[in-house]
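Spelled out, the chains give:
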Amino acid sequence: MTLFPHAAWRAVATALAITACSASMAAEPQPQNVLQLSATGTVEVQQDLLALSLTATRDGSDAATVQAQLKAALETALNEAKKTALAGQLDVRTGQFGLYPRYGTDGRINGWQGSAELVLEGRDFPRITQAAARIQTMTMGNVSFGLSREQRAKVEGDAQSMAIERFKAKASELARGFGFSGYALREVSVNANDQGFPQPLRMLSARAKTGAADAQLPVEAGRSTVIVTVSGSVQMR
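What counts as what
- Residues numbered from 1 in each chain as written.
- Predicted model: local features only at pLDDT ≥ 70, side-chain atom pairs only at ≥ 80, totals over all residues.
- Heavy atoms only, no water.
- Helix = DSSP H or I, 4+ residues; strand = E, 2+ residues; numbered from the N terminus.
- Buried < 20%, exposed > 50% of the residue type's maximum accessible area, 1.4 Å probe, protein only.
- Areas by Shrake-Rupley, 256 points an atom, 1.4 Å probe, with all protein chains shown as cover.
- Pairing = 2+ DSSP bridges.
- Axes fitted to C-alpha atoms, helices over the stretch in contact; angles between N-to-C directions.
- Core = buried A, V, L, I, M, F, W, Y, C linked by side-chain atoms within 4.5 Å.
- Salt bridge = Lys/Arg side-chain N within 4 Å of Asp/Glu carboxyl O.
- Lys, Arg positive; Asp, Glu negative; His and termini not counted.
- Contact = heavy atoms within 4.5 Å.

A. Region of the structure containing the overall build of the protein. The helix and strand inventory of the protein stands at five helices and seven strands. Sequence-ordered secondary structure for the protein, helices as α and strands as β, is α-β-β-α-β-β-α-β-α-β-α-β. Out of the 237 residues in the protein, the part that is buried amounts to 30%. Counting only carbon and sulfur atoms, one obtains 53% of the accessible surface of the protein, whose full area is about 14500 Å².

Following this line, the structure appears as structure tokens:
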């Protein structure tokens, strides 16, 4: 009698297992009359969240001095902004703070430069812009608009309901078009995103015209389009 080595028996067992698995898969009925489709719901809404950043830059020969100047400018601005801070309407937070060497033509360090950032964010645009205008130790850096958490949740809910109704209507229409009376839902996925349309900021124009330290800076928000996509498959029947 011929004896197979252990490795040979393992190879034979693996081959038998693969054959059995393939036979089992072949025996399982493949799904028939399955339709893949997707539908979207789109809602356009006014942006209600403003994020406005203020920056301070300093330059000098001594790193510690430059850092101290930045720290003082940031602390002064932070204290001023906190006077009118209100949760959700004007939230105040510090942003980037960095100190970097400056190199001369000989490749050696001949000084230091750094920057600090303060971010004012919230739904009360006049409160934010007025607070920014009163800060004298920092200058305007950047502005962006978006949707607050509350607004985003509401708009996504509306867009989702729209997408679901369109998905159901499309599935029914396609099923009838293929000669079926209806359908059963197999699987579905829901994805949401929003697309903002940034608007330019006319920075410091009010202060330049009036010279007032507390003049409100003019800003204009854009609109965001929230899109929810429902995709999946249905069994026509």
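B. Representation of the sheet that holds strand S5 (residues 139–146). Taken in spatial order, the four strands make up an open sheet running S3-S4-S2-S5, and their pairing is antiparallel. Two strands lie at the open edges of the sheet, namely strand S3 (91–103) and S5, each paired on one side alone. Neighbouring strand axes in the sheet, compared pairwise and without regard to direction, differ in orientation by 20° on average. Summarising the sheet, S3 and strand S4 (residues 109–122) pair through eleven bridges and their orientation is antiparallel. Its bridge partner being in S4, Leu-99 is matched across the sheet by Gly-114.

C. Structural context of the pairing of S4. When strand S2 (residues 49–60) meets S4, the two strands line up antiparallel, connected through eleven bridges. The residue bridging Asp-59 from the neighbouring strand is Gln-113, located in S4. Where S3 folds back onto S4 in an antiparallel hairpin, the turn is made up of five residues, including Gly-107, whose phi is positive at roughly 85°.

D. View of the nonpolar core. Formed by 27 residues in total, the largest nonpolar core has its most connected members in Leu-54, Leu-118, Leu-120, Ala-132, Ile-135 and Met-138. Of all the secondary-structure elements, those providing two or more residues to this core are S2, helix H2 (63–82), S4, helix H3 (125–134) and S5. Tallying contributions element by element places H2 first for this core, with seven residues.

E. Representation of the pattern of salt bridges. Applying the stated criterion across every chain, the model contains nine salt bridges. Put simply, Glu-150 and Arg-123 hold a salt bridge, and the shortest N to O gap is 3.4 Å. With Glu-150 in helix H4 (residues 149–177) and Arg-123 in the loop between S4 and H3, this residue pair connects regions lying 27 residues apart in the sequence. Under the relative-accessibility criterion, Arg-123 is labelled partly exposed at 33%. In this structure, Lys-168 and Glu-165 form a salt bridge, with 3.5 Å as the shortest nitrogen-oxygen distance. With a gap of three residues between them, Lys-168 and Glu-165 both fall in helix H4, about one helical turn apart. Among the residues examined, Lys-168 registers a relative accessible area of 38% and is labelled partly exposed. Put simply, Glu-80, Lys-83 and Arg-134 are held in one network by salt bridges that share partners.

F. Examining the side chain of Glu-117 more closely. Its location among the elements puts Glu-117 in strand S4. This buried residue, Glu-117, is left without a salt bridge; Arg-93 holds the nearest opposite charge, at 6.1 Å. The contacts of Glu-117, once residues within four sequence positions are left out, are Ser-53, Leu-54, Thr-55, Leu-74, Thr-94, Gly-95, Gln-96 and Met-138.

G. Representation of the environment of Ala-56. By secondary structure assignment, the location of Ala-56 is in strand S2. Spatially, the C-alpha atoms of Ala-56 and Ala-73 are 7.0 Å apart, while their sequence positions differ by 17 residues. Here Ala-56 is in contact with Leu-70, Ala-73, Gly-114, Ser-115, Ala-116, Thr-137 and Met-138, once residues within four sequence places are set aside.

H. Broad picture of the environment of Arg-58. Locating Arg-58 in the fold gives a position in strand S2. In this structure Arg-58 comes out as partly exposed when scored by relative accessible area, which is 27%. Taking the C-alpha atoms as reference, Arg-58 lies 6.6 Å from Leu-70; in sequence the two are twelve residues apart. Once residues within four sequence positions are removed from consideration, Arg-58 is found in contact with Val-66, Gln-69, Leu-70, Ala-73, Trp-112, Gln-113, Gly-114 and Thr-137.

Interpretation note: all reported values are geometric properties and have no functional meaning in isolation.
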